[in-house]
Amino acid sequence: MAVPLADLTSMPAPQQVYAADGTSLATYTWGDLDAPVVVAVHGFASNARDNWVLTGWVRELTRAGYRVLALDQRGHGLSEKPHEPGAYGIRTLVTDVESVLDTYLVDDALYVGYSLGARVGWEVVRDLPHRIGRAVLGGVPDGIPLARLNLDQVRAYIADGTPVGDQTTQNYIALTERVPGNDLQALVALAEGMRASGTIDPDPADAPARPILFATGSKDAIIEGSKALASAAPNGTFFEIPDRNHFNAPGSRAFKEAALAFLAEA
């Protein structure tokens, strides 16, 4: 018998976790409490439901016997959305994940991240090798996050609706407005915070040593950078997601199958 769509896309009540700076983070869990944990971290302008539930990841991971622990990153979903760039440094986002693991008393987990969540994951896996056994990093670029976003044009768009001329910036705005509840000012602050860090991240010279599956769509402009990171990681492998771009890769069945096979090797 077919499972009703509402049952496949429903969300548990969010549990609030407080980050080190007091920011409230919405978190969600699915699956058996005693099962191996997969912490799932979504991409820019997305959220846990959009990135992991609507695309079938939570369903497939729980069917495979995992407990899924996901969060709405700060500035997204039902988490708090500061408008100050200083609230969004890469180290802050990494610490948020650690705070979630601590609150849930998870000492040993697998990691699945996409786009911004994969960028955060690179740091999490490098910094917490004793807690993250292996990771899937999807759509991870090799430069400063959101560097191509024209912040001046976004600010003008927010202020008075001035049309955005830059195509890449148009794409980011469309991505933001696609997901209900997104706060464009918060996401601009996130982009500013990332840039203000002044660091090239992730750093291929300081790659995580844990096994990592890098996966990027064949039609994604960042694919060569993702391949380079996979080559730099001591235990990195690369999977090319067929016929997918950066925005529709999370829904790929081939991506999910490759990730599940990789995680099962733990």
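Here's a quick rundown of the structure. As the structure is a prediction and not an experimental result, all values here were calculated from the model.

## A few points about the overall build of the protein chain
When helices and strands are tallied, the protein chain shows 10 helices and eight strands. Over its C-alpha trace the protein chain gives a radius of gyration of 17 Å, about what one expects of a compact globule, namely 18 Å for 266 residues. Each principal axis of the C-alpha atoms in the protein chain carries an extent, and together these give about 50 × 40 × 40 Å. For the protein chain, the proportion of its 266 residues judged to be buried stands at 52%. Pairs at least 24 apart in sequence give 73% of the contacts found in the protein chain among residues at least 6 apart.

## Things to note about the environment of G193
With respect to the secondary-structure elements, G193 resides in helix α8 (residues 184-196). By relative accessible area, G193 is classed as buried at 6%. A C-alpha to C-alpha distance of 11 Å links G193 and A147, two positions 46 residues apart in sequence.

## Here we look at the side chain of N182
Assignment of secondary structure puts N182 in the loop between α7 (167-178) and α8. The exposure class assigned to N182 is buried, which follows from its relative accessible area of 17%. In contact with N182, not counting residues within four places along its chain, are A45, S46, L175, T176 and L187.

## Considerations on the packing of helix α6 (residues 151-160) against α8
Contact pair α6 / α8: the axes reach a minimum separation of 11 Å and the direction vectors enclose 160 degrees. Here α6 lies roughly antiparallel to α8, going by the angle between them. α6 and α8 meet at a crossing whose hand is left-handed. Contacts from L151, V154, R155, Y157 and I158 in α6 reach L184, Q185, V188, A191, E192 and R195 in α8.

About the criteria used
Residues numbered from 1 in each chain as written. Predicted model: local features only at pLDDT ≥ 70, side-chain atom pairs only at ≥ 80, totals over all residues. Heavy atoms only, no water. Helix = DSSP H or I, 4+ residues; strand = E, 2+ residues; numbered from the N terminus. Rg over C-alpha atoms; globule rule 2.2 N^0.38 Å. Buried < 20%, exposed > 50% of the residue type's maximum accessible area, 1.4 Å probe, protein only. Contact = heavy atoms within 4.5 Å. Axes fitted to C-alpha atoms, helices over the stretch in contact; angles between N-to-C directions. Parallel < 35°, antiparallel > 145°, perpendicular 65-115°, else oblique. Left-handed = near helix turned anticlockwise from the far one by under 90°.

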